[in-house]
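Read off the chains here:
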Amino acid sequence: MIERWSRDQVLALAPDAPSRKAAQGVARAEAWPLLGVATAAPPAAVPAMSPADAPVAGPRQGVVLFGECEGSGATPYRTCVDLDGPAYRCGCPSRKAPCKHALGLLLLWSAGDVPAAAPPPWVADWLARRARGATRSGASESARQSRPGATAGGRAGARSAVTESARHARVTAGLAELERWLADQIRQGLATAGDGAWDDLAKRLVDAQAPGVASTVSRLREARAADDWPERLLAEYALIDLLAVAYRRRAHLFAPLAQTVLSRVGFPVMREEVLAGPAVRDRWDVLGRRDEVQERLTSRRVWLRGRDTGRPALVLSFAPQGQALDPSFVTGATVDADLAFYPGAAPLRALPVTATTLASPMGEPPGVTPEEAMDEVAAALAADPWTDSWPLVLAGVVPGRTGLGGFPLHRSAYDPWRLIAVSGGRPVTVAAEWTPHGLRPLTTWADDGTVVIL
């Protein structure tokens, strides 16, 4: 049986603040004439796909919530949630996933207000349709991979060498201009540049087909806005210059570092190439997630850590504004999955090769001491100097007003009162995102094992 999620975990699944508020309004047992949780018979085994590519395979643990919620119409909205996805189905007109009814149902279950009951036929029909969809998707993927030229290697071999060479020439010229610009900034003084200069430079780098460097340059205004901006800006200039020099000398770097340099500059690694590489099987603790709005896209960063391997991982997903992001990872849960990592000197970003499946309840993840965490971050930076975030699980730390386990807190986390309240002055386990400018606490665990999202 899946361990009951906390209220924090449920509300973290909401696509936006209005959905969170609306869900609490329908999380009343009297609004649900039909309400139940059941263990359904698992469907036949099907080839598992990445959540981004195919429907999630049927519930391997067979736990499904279902109910009928009274709405404005004469007919109640039929809602069900497969906890092993999680996946959602509701008869309401909302396009959000999960909708307020699915979230309300989850909140009721979190509070222990959903009784065990036999699922009605429409729930079984939904589970069966999902299982059939996963089977068809798995067969289609197998057929696609078996076609001549469908492999990543086949596509890479067909890529035009002339086009690739032309792009490298453009990038080389663009980064040579960047190096001259940086030298001018150091000679003239850090205060001479402003938003306009950085925006113009970023546009020229986009034209030079170096979008990764352009994105870094466009974020320099954040460093300029900091209280210690001279130090921050100089550090950013140094890292940008190091990247430009590394690209110019990439032929002399060992292969993983050269791949890191290309990725940081903006050369993409095809999804198929990543999935074709070796996969790491583990039970992955979902440490936390962070959503960011980037112009017309919303990105979601999900931090994972392998229960057995201790390996950190980052799963990124993107969606146009207003559309739902991948809800596969529930903060505080543990999932069984195979992950394929993007190549690099300090591999962190990964793609799910198989559908994520909730593991048996495992409690809080194993942590490390602050000293061991610092050694881990130092090793990551030694391998990839441009590393700007890394997931950590700190064990036995007492949170303070501005620091945690010897690490300073990021300025966005300068008021960690909820974490301090959970701790009560006692050592706790805290999952956090390390950044060069301090820790961002993600999750902690109360004395009774309740997951608290920070």
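Predicted model only: the values in this text are computed from it and were never measured.

Trainee: Explain helix H3 (residues 100-110) to me, please; I cannot follow it from the model alone.
Mentor: One turn of an α-helix holds 3.6 residues; hence residues three or four places apart share an orientation. For H3, the buried fraction is high: 10 of the 11 residues fall into the buried class. For H3, the set of buried residues is His 101, Ala 102, Leu 103, Gly 104, Leu 105, Leu 106, Leu 107, Leu 108, Trp 109 and Ser 110. Elements in contact with the buried residues of H3: helix H1 (7-11), helix H2 (17-26), strand E1 (34-39), strand E2 (63-69), strand E3 (77-82) and strand E4 (87-90). One or two positions beyond H3, positive phi appears at Gly 112, with a value near 80°.

Trainee: How should the pairing of E4 be read in this particular structure?
Mentor: The side chains of a regular strand alternate, first on one face of the sheet and then on the other. Strand direction decides the pairing type here: E3 and E4, joined by four bridges, are antiparallel. Bridging from a neighbouring strand, Cys 80 pairs with Arg 89 of E4. Linking E3 back to E4 in an antiparallel pair, the connection comprises four residues.

Trainee: It is not clear to me how the sheet that holds E1 should be interpreted in this structure. Could you clarify?
Mentor: Hydrogen bonds between backbone groups are what pair the strands of a sheet, and the pairing can be parallel or antiparallel. In space, the four strands of this open sheet follow the order E1-E2-E3-E4, with antiparallel pairing throughout. One side of each edge strand has no neighbouring strand; the edge strands of this open sheet are E1 and E4. Taken pair by pair, the neighbouring strands of this sheet meet at an average axis angle of 10°, ignoring direction.

Trainee: Explanation requested: the environment of Leu 127 in the structure shown.
Mentor: Mapped onto the elements of the fold, Leu 127 is located in helix H4 (residues 121-146). For the pair formed by Leu 127 and Val 64, sequence separation is 63 residues and the distance between their alpha carbons is 9.1 Å.

Trainee: Quick question: what am I supposed to make of the pattern of salt bridges here?
Mentor: Side chains bearing opposite charge may pair, as long as their charged atoms lie close to each other. Under the criterion given, the structure shown has 18 salt bridges. Between Arg 204 and Glu 177 there is a salt bridge, with its nearest N and O atoms 2.6 Å apart. Note that Arg 204 is positioned in helix H7 (residues 195-207) and Glu 177 in helix H6 (residues 161-188), a separation of 27 residues in sequence. In this structure Arg 204 comes out as partly exposed when scored by relative accessible area, which is 36%. Accessibility expressed as a relative area gives 28% for Glu 177, which makes it partly exposed. Residues Arg 300 and Asp 291 are paired through a salt bridge, measuring 2.9 Å at the closest nitrogen-oxygen approach. In this structure Arg 300 comes out as buried when scored by relative accessible area, which is 4%.

Trainee: Even after reading the chapter, I still don't get the side chain of Thr 334, so can you show me in this structure?
Mentor: Residue placement: Thr 334 occurs in strand E8 (residues 334-341). By relative accessible area, Thr 334 is classed as buried at 6%. Engagement of the side chain of Thr 334 in a polar contact is seen with the side chain of Asp 285, the distance being 2.7 Å. Discounting chain neighbours no more than four positions away, the residues touching Thr 334 are Arg 283, Trp 284, Asp 285, Arg 307, Thr 357, Leu 358, Ala 359 and Met 362.

Trainee: Help me understand the confidence of the model for the protein in this model?
Mentor: Here the protein averages 85 in pLDDT, and 87% of its residues register 70 or above. When mean pLDDT is taken per element in the protein, helix H13 (residues 370-383) scores highest with 96 and helix H5 (residues 152-158) scores lowest with 47. Within the model, pLDDT remains below 50 along residues 42-60, and this stretch shows 53 contacts once partners closer than five positions in the same chain are excluded. Here residues 139-159 is modelled with pLDDT under 50, and outside its nearest four sequence neighbours on either side it reaches 15 contacts, counting other chains as well.

Procedures and definitions
- Residues numbered from 1 in each chain as written.
- Predicted model: local features only at pLDDT ≥ 70, side-chain atom pairs only at ≥ 80, totals over all residues.
- Heavy atoms only, no water.
- Buried < 20%, exposed > 50% of the residue type's maximum accessible area, 1.4 Å probe, protein only.
- Helix = DSSP H or I, 4+ residues; strand = E, 2+ residues; numbered from the N terminus.
- Contact = heavy atoms within 4.5 Å.
- Pairing = 2+ DSSP bridges.
- Axes fitted to C-alpha atoms, helices over the stretch in contact; angles between N-to-C directions.
- Salt bridge = Lys/Arg side-chain N within 4 Å of Asp/Glu carboxyl O.
- Polar contact = N/O pair within 3.5 Å; in protein donor to acceptor, adjacent residues only side chain to side chain.
- pLDDT = per-residue confidence, 0-100.

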